[in-house]
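Residue-level listing of the chains:
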Amino acid sequence: MLDKLKTIKTSFQQDIAAAADLEQWEAMRVKYLGRKSQLSEVMSMMKTLSAEQKRDIGKQANEVRLYLEAVLEDMRNALEAKGAHANQIDVTRPGVKTTAGHLHPLTRVEDEIKRIFLSMNFSVVEGPEVETEHYNFDALNIPANHPAREMWDTFWVKPGSKTAGAPRNLLRTHTSPMQIRYMEKHTPPFQIIVPGRVFRYEATDASHEINFYQMEGLMVGPDVSLANFKYIIEEFFKEFFNDPDMQFRFRPSYFPFVEPGVEVDIKRKGDSKWLEVMGAGMVHRNVLKAVGYDPNIVQGFAFGMGTDRLAMLKYKIPDIRFFYNGDLRFIKQFKK
Ligand code: DAH
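Residues numbered from 1 in each chain as written. Predicted model: local features only at pLDDT ≥ 70, side-chain atom pairs only at ≥ 80, totals over all residues. Heavy atoms only, no water.

- In the nomenclature of an unreviewed UniProt entry, the protein corresponds to Phenylalanine--tRNA ligase alpha subunit from the organism Candidatus Wolfebacteria bacterium GW2011_GWA2_47_9b.
- Heading Subunit (unreviewed entry) of the UniProt record for the protein holds this comment: "Tetramer of two alpha and two beta subunits."
- According to UniProt, the comment filed for the protein under the heading Catalytic activity (unreviewed entry) is "tRNA(Phe) + L-phenylalanine + ATP = L-phenylalanyl-tRNA(Phe) + AMP + diphosphate + H(+)". (UniProt positions renumbered as here; feature names shortened; annotations may be inferred.)

## With respect to the overall build of the protein
- Scanning the protein from terminus to terminus reveals 11 helices and 9 strands.
- Taken over the C-alpha trace, the protein has a radius of gyration of 38 Å; the compact-globule value for 336 residues is 20 Å, which it surpasses by more than 25%.
- For the protein, the spread of C-alpha atoms along the principal axes amounts to about 115 × 55 × 35 Å.
- The buried share of the protein, taken over its 336 residues, is 41%. (Helix = DSSP H or I, 4+ residues; strand = E, 2+ residues; numbered from the N terminus. Rg over C-alpha atoms; globule rule 2.2 N^0.38 Å. Buried < 20%, exposed > 50% of the residue type's maximum accessible area, 1.4 Å probe, protein only.)

## Regarding the pattern of salt bridges
- What the rule picks out here adds up to 20 salt bridges.
- Across the pair Asp15 and Lys31 runs a salt bridge whose closest N-O atoms are separated by 2.7 Å. Highlighted residues: Asp15 in helix H1 (residues 2-17) and Lys31 in helix H2 (residues 22-33), separated in sequence by 16 residues.
- Its salt-bridge partner being Arg168, residue Glu133 comes within 3.3 Å of it at the nearest N-O pair. (Salt bridge = Lys/Arg side-chain N within 4 Å of Asp/Glu carboxyl O.)

## Regarding the pairing of strand E9 (residues 299-306)
- When strand E5 (residues 211-221) meets E9, the two strands line up antiparallel, connected through 8 bridges. Counted as the bridge partner of Gln214 is Gly306 from E9.
- In this structure, strand E8 (residues 275-283) lies alongside E9, joined through 4 bridges in antiparallel fashion. Each residue of the ladder has a partner; that of Met282, found in E9, is Phe301. (Pairing = 2+ DSSP bridges.)

## Details of the packing of aromatic side chains
- Taken as a whole, this structure holds 26 aromatic pairs when the rule is applied.
- The interplanar angle of 25° and the centroid separation of 6.4 Å between the aromatic rings of Phe301 and Phe303 together place this pair among those described as stacked. Here Phe301 matches Phe303 in class, with each residue buried.
- One aromatic cluster in this structure is built from Phe117, Phe122, Phe229, Phe236, Phe237, Phe240, Phe241, Phe248, Phe250, Phe301 and Phe303.
- When the ring centre of Phe240 is taken as reference, the NZ or CZ atom of Lys314 above it lies at 4.3 Å. (Phe/Tyr/Trp six-rings, centres within 6.5 Å; stacked < 30°, edge-to-face > 60°. Lys NZ or Arg CZ within 6 Å of the ring centre and 35° of its normal.)

## Topic: the UniProt feature "domain: Aminoacyl-transfer RNA synthetases class-II family profile" (unreviewed entry) in the protein
- In the numbering used here, UniProt assigns the "domain: Aminoacyl-transfer RNA synthetases class-II family profile" (unreviewed entry) feature to residues 107-333.
- Counted over residues 107-333, helix gives 26% and strand 28%. Its end C-alpha atoms are 14 Å apart.

## Points about the UniProt feature "binding site: Mg(2+)" (unreviewed entry) in the protein
- Under the present numbering, the feature "binding site: Mg(2+)" (unreviewed entry) in UniProt falls on Glu259.
- Mapping Glu259 onto the fold places it in strand E7 (residues 258-267).
- Residue classification places Glu259 among the exposed residues on the basis of a relative accessible area of 52%.

## Concerning the nonpolar core
- Counting 42 residues, the largest nonpolar core has Phe117, Phe237, Phe303 and Met305 as the members making the most contacts within it.
- It is helix H8 (residues 226-240) that provides the largest number of residues to this core, a total of 6 residues.
- Membership of the second largest hydrophobic core comes to 28 residues, among which are Ala139, Tyr182, Phe257 and Val287. (Core = buried A, V, L, I, M, F, W, Y, C linked by side-chain atoms within 4.5 Å.)

## Focus: the site of the ligand
- Lining the immediate environment of the ligand, one finds 16 residues, of which His174, Ser176, Arg200, Gln214 and Glu216 sit closest.
- One of the side-chain N or O atoms of His174 is found 2.9 Å from a nitrogen atom in the ligand.
- A distance of 3.0 Å is found between an oxygen atom of the ligand and a side-chain nitrogen or oxygen belonging to Arg200.
- When the ligand sits alone it has 350 Å² of accessible area, and the protein chains cover 92% of it.
- At the level of secondary structure, the elements contributing two or more residues to the shell around the ligand comprise E5, E8 and E9.
- Grouping the amino acids of the shell around the ligand by side-chain chemistry returns 7 nonpolar, 7 polar and 2 charged. (Near = heavy atom within 4 Å. Polar contact = N/O pair within 3.5 Å; in protein donor to acceptor, adjacent residues only side chain to side chain. Areas by Shrake-Rupley, 256 points an atom, 1.4 Å probe, with all protein chains shown as cover. Nonpolar A, V, L, I, M, F, W, Y, C, P; charged D, E, K, R; others polar.)

## Let's talk about H1
- Taking 1.5 Å as the rise per residue, H1 with 16 residues should run 22 Å; its terminal C-alpha atoms sit 23 Å apart, in good agreement.
- Along H1, the residues classified as buried are Leu5, Ile8, Phe12 and Ile16. The arc that holds the buried residues of H1, viewed along the axis, is 50°, so those residues lie on one side. Facing away from the buried side of H1 by more than 90 degrees, the exposed set consists of Asp3, Lys6, Gln14 and Ala17.
- Of the surrounding secondary structure, the elements contacted by the buried residues of H1 are H2, helix H3 (38-45) and helix H4 (51-82). (Expected span 1.5 Å × (residues − 1). Arc of directions from axis to C-beta. Contact = heavy atoms within 4.5 Å.)

Right under this line is the structure:
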């Protein structure tokens, strides 16, 4: 039996040198290590031996087996590296996952807000990010030197012309200027929402960014009232947070372009305190007059909310800066 083991080894050494591809390699493996191989024959004959012989031959047989396995393993690695495998397709191999991109959480939230308002017959319009002082402030009843301008810390754009009195440009501090641009070109009744990016010259912290997103709303027509606003906005928030029983609070507030102005608070199932979610009000007579409407014939309501803030409330995001720092570990949590 010891001789037999020796023969196995030598004939293996000759045979294996001739294996030129993985198919031949596999034949080799079956021939020398398979169930019908000479080696397994030797193994099965061992039962007939005495305990002492068993120990001796068993040890040798095992060594031969380990040797065959090691050589075969090396051989396969070499064949694979050589590309003998190249034109064979291994259908059992696990696939390589390609990573597909997906929408940013803010885009998703913006889309969701749009969907709800579109279902209530609002249209979506957009305006420029670089605005004039006129649209961002004056036409919204916020004249120069009015203390209300301090509500919006502004990034001013370097003037292209040095002419005194040339209009000054800025990065819009809110989406409200689009109210004016839209009203100048359209006749009521209408209802619109205006999604967009806005800019504030502010120190950043967990709830402040130098740029963020807003959603403006404007509905104008004969007899549009604060009651209409209340109904529409309650419908919106109930749908957005998927909470038909949430509570609302409409608090008096001040914004120069509305009168009266309100702030809307919500309390959802499980909220322990009121959350401020939007500024709003009835469009100021001065604003209506400035775009050529007769405030005795048409009225309207307007509102503005922070898309980021709604996203943070909806997904329990503790810091607004997560939206902008480009950390994929955050973004990837919002794959649908
Ligand atoms: N533009 C305001 C802001 O950015 C938000 C706002 C308040 C918009 C009241 C409105 C409104 O349309 O009626 O702080």
